[in-house]
Structure formats: C-alpha cells, structure tokens
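Each chain, letter by letter, is given below.
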Amino acid sequence: MATKIGHDHPLYLSTSDVPRTVQIGIQLTGMENYSLWSRVMTLTFLTKNKLGFIDGSLKRDDFETDLEKKQWDHCNVVVLSWLMNNVSKELVSAILFQSNAVLVWKDLKERFDKDLFTGRVKDIGEVIDGLYILRSHKHLESKEKRSFAATKGHGEVEI
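Throughout, a residue's number is its position along its own chain's written sequence, starting from 1. Local features in this predicted model are restricted to residues whose pLDDT is 70 or higher, and side-chain atom pairs enter the listing and the counts only when it is 80 or higher, whereas totals over whole chains, interfaces and linings include all residues. Hydrogens and water molecules were not included; the side-chain quantities draw on all heavy atoms of the structure.

### What about the overall build of the chain?
Next, step 1: Helix and strand definitions here come from DSSP, where helices need a minimum of 4 consecutive H or I residues and strands a minimum of 2 consecutive E residues; each element is numbered from the N-terminal end. Helices and strands together make up the secondary structure of the chain, namely six helices and four strands.
Next, step 2: Counting helices and strands in the order they occur from the N terminus, the chain gives α-α-α-α-α-β-β-α-β-β.
Next, step 3: Summary of the burial criterion: residues with accessible area below 20% of their type's maximum are buried, those above 50% are exposed, and those between are partly exposed, where the area comes from a 1.4 Å probe applied to protein chains only. Counting only residues that meet the buried cut, the chain has 32% of its 159 residues in that class.
Next, step 4: Here the analysis covers contacts within the chain between residues at least 6 apart in sequence; of these, 53% occur between residues at least 24 apart.
Next, step 5: Note on areas: Shrake-Rupley with a 1.4 Å probe; residue coverage comes only from the protein chains shown. As presented, the chain carries roughly 10,700 Å² of accessible surface, and 55% of it is formed by carbon and sulfur atoms. Every residue pair with non-hydrogen atoms within 4.5 Å of one another is taken to be in contact.

Dropping the structure here:
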C-alpha cells in the first residue's frame, strides 16, 4: 500500500495546486521588474511549500521510490507552469522546453538580476568611492576582502 503524503511534505499537491492557481499579478518582463517579481514568486513558493523546487534544495535524486520520483516530476511540472503563468509572452518560450524548475529559475536570475542602470550583474563587485570594482575569480571563491582605494580626479586609481 502506498504511503500517503502529508500536507506539510514538499511533494504534496492539494486539489487547488493546478497550473493556473498561482497568479501573482506581476509578469516578469526583464531587468526592470525582476527583483520585485522574484521576491513575490519566492514568497509564493514558500507558502506553497515548493521553494525547494526553485532553490535546488529538493532534488529528484533525493527520493528513492518510483512513486516519489513520479510525484516529484508532477510537482516540478506544476512549479514550471506557475513560472510560465507569471512571465511575459516573450519569455514563455525560454521556459516551455525546460524540464527542471530550478534550471529555469537560475536562468531567469542570470539573465535579469542585474543593476537596471548599468547592466552590471549583482554581487560580483562593490562600489567604493563611486567606482564599481569587480572582484577577481579567486576573490569570489575565497570571499577574501581586498582593499581598493580610488582617487577622484584625473582618473587615477590606486590598487
């Protein structure tokens, strides 16, 4: 006999968890509204107990039985449909042929989580004395702090 999945389990889908149920009122269009859209979607996935499908903490390989794997597949498709229903028509095609919600989430983040005014990818540098300083690859990996001094004036930069 199959084990019943409780309402607090991430693989649980209620009768109301169907593709059209998650409509957040904001359609992702690009960099200009990504931050707001991603925050609202994250809160929505959290309330639906499906955050693990977009943050990568709930993987198909975490489950052993065929029944659990099928249920994971079903939940993943529902989460994909929720994502598709909350992006602009121009972005749907980028999601439609993806098979994993976490890959879609990461792709959208990589494409649109940028500083609107400069197009800089967030969290790869820092602003010091009005200059944006990129961290080196080694710096990003080790999270070491380097000190940079920038002088305003004749474009001189001291590192």
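Once the structure has been displayed, the description carries forward.
### Observations regarding unusual backbone geometry
Next, step 1: In this structure, asparagine 49 takes a positive phi of about 60° despite not being glycine.
Next, step 2: Looking at asparagine 49, the relative accessible area reads 30%, which means it is partly exposed.

### Comments concerning the packing of aromatic side chains
Next, step 1: Under the pairing criterion, centres of Phe, Tyr and Trp rings, with the six-membered ring standing for Trp, must be within 6.5 Å; the plane angle then separates stacked pairs below 30 degrees from edge-to-face pairs above 60, leaving the rest tilted. Following the criterion strictly, the structure yields five aromatic pairs and no others.
Next, step 2: Seen from their ring centres, phenylalanine 53 and tryptophan 72 are 5.6 Å apart, and the 35° between their planes marks the pair as tilted. Of this pair, phenylalanine 53 sits in helix H2 (residues 52–55) while tryptophan 72 sits in helix H3 (residues 66–84), placing them 19 residues apart in sequence. As far as the burial class goes, phenylalanine 53 and tryptophan 72 line up, both buried.

### Side note on the nonpolar core
Next, step 1: The biggest cluster of nonpolar side chains holds 29 residues, and the ones touching the most others in it are Leu28, Trp37, Phe45, Leu83 and Leu108.
Next, step 2: The set of elements that each furnish at least two residues to this core consists of helix H1 (34–47), H2, H3, helix H4 (89–96) and helix H5 (101–112).
Next, step 3: Here the element with the most residues in this core is H3; it accounts for seven residues.
Next, step 4: Not counting the four nearest positions on each side in its chain, leucine 108 is found in contact with Leu28, Tyr34, Trp37, Ile95 and Asp113. By nonpolar core we mean a set of buried residues, namely Ala, Val, Leu, Ile, Met, Phe, Trp, Tyr and Cys, connected to one another through side-chain atoms within 4.5 Å.

### Observations concerning the pattern of salt bridges
Next, step 1: Whenever a carboxyl oxygen of Asp or Glu lies within 4 Å of a side-chain nitrogen of Lys or Arg, that contact is scored as a salt bridge. Following the criterion strictly, the structure yields four salt bridges and no others.
Next, step 2: For lysine 48, the salt bridge goes to aspartate 17, with nearest N and O atoms at 2.9 Å. Of the two residues, lysine 48 is situated in the loop between H1 and H2 and aspartate 17 in the segment before H1; the sequence distance between them amounts to 31 residues.
Next, step 3: The class of lysine 48 is partly exposed, set by a relative accessible area of 24%.

### Quick notes on the packing of H1 against H5
Next, step 1: Across the interface, H1 lies against H5 with an axial gap of 11 Å and an inter-helix angle of 160°. Relative to H5, the element H1 is oriented roughly antiparallel. For H1 against H5, the interelement crossing comes out left-handed. Taken together, the residues of H5 that come into contact with H1 (itself represented by Tyr34, Trp37, Ser38, Met41, Thr42 and Phe45) are Trp105, Leu108, Lys109 and Phe112.
Next, step 2: Residues belonging to the contact of H1 with H5 are distributed by class as follows: seven nonpolar, two polar and one charged. Between N-to-C directions, angles span 0 to 180 degrees; the directions come from axes that are lines fitted to C-alpha atoms, helices contributing only their stretch in contact. Here the angle decides the label: under 35 degrees means roughly parallel, over 145 means roughly antiparallel, 65 to 115 means roughly perpendicular, and every other value means oblique. Left-handed describes a crossing in which the near helix is turned anticlockwise from the far one by less than a right angle; the clockwise case is right-handed. Three classes are used: nonpolar for Ala, Val, Leu, Ile, Met, Phe, Trp, Tyr, Cys and Pro, charged for Asp, Glu, Lys and Arg, and polar for all others, with Gly counted as polar.

### Remarks on the confidence of the model for the chain
Next, step 1: Per-residue confidence from the predictor is reported as pLDDT, which spans 0 to 100. Confidence along the chain averages 80 in pLDDT terms, with 71% of residues attaining 70 or more.
Next, step 2: Considering each helix and strand of the chain separately, the mean pLDDT is smallest for strand S3 (residues 149–150), with a value of 38, and largest for H2, with 96.
Next, step 3: Note on residues 138–159: pLDDT is under 50 here. Beyond four places in sequence and across chains, it has 20 contacts.

### Observations concerning H5
Next, step 1: The span expected for a helix works out to 1.5 Å for each residue beyond the first. With twelve residues, H5 should cover 16 Å at 1.5 Å per step; its first-to-last C-alpha distance of 16 Å lies within 8% of that length.
Next, step 2: Those residues of H5 that sit buried are Ala101, Val102, Val104, Trp105, Leu108 and Phe112. Axial view of H5: buried residues confined to an arc of 160°, hence all on one face. Along H5, the residues that are exposed and aim more than 90 degrees away from the buried face are Lys106 and Glu110. The arc in question is traced by the directions running from the helix axis to the C-beta atoms.

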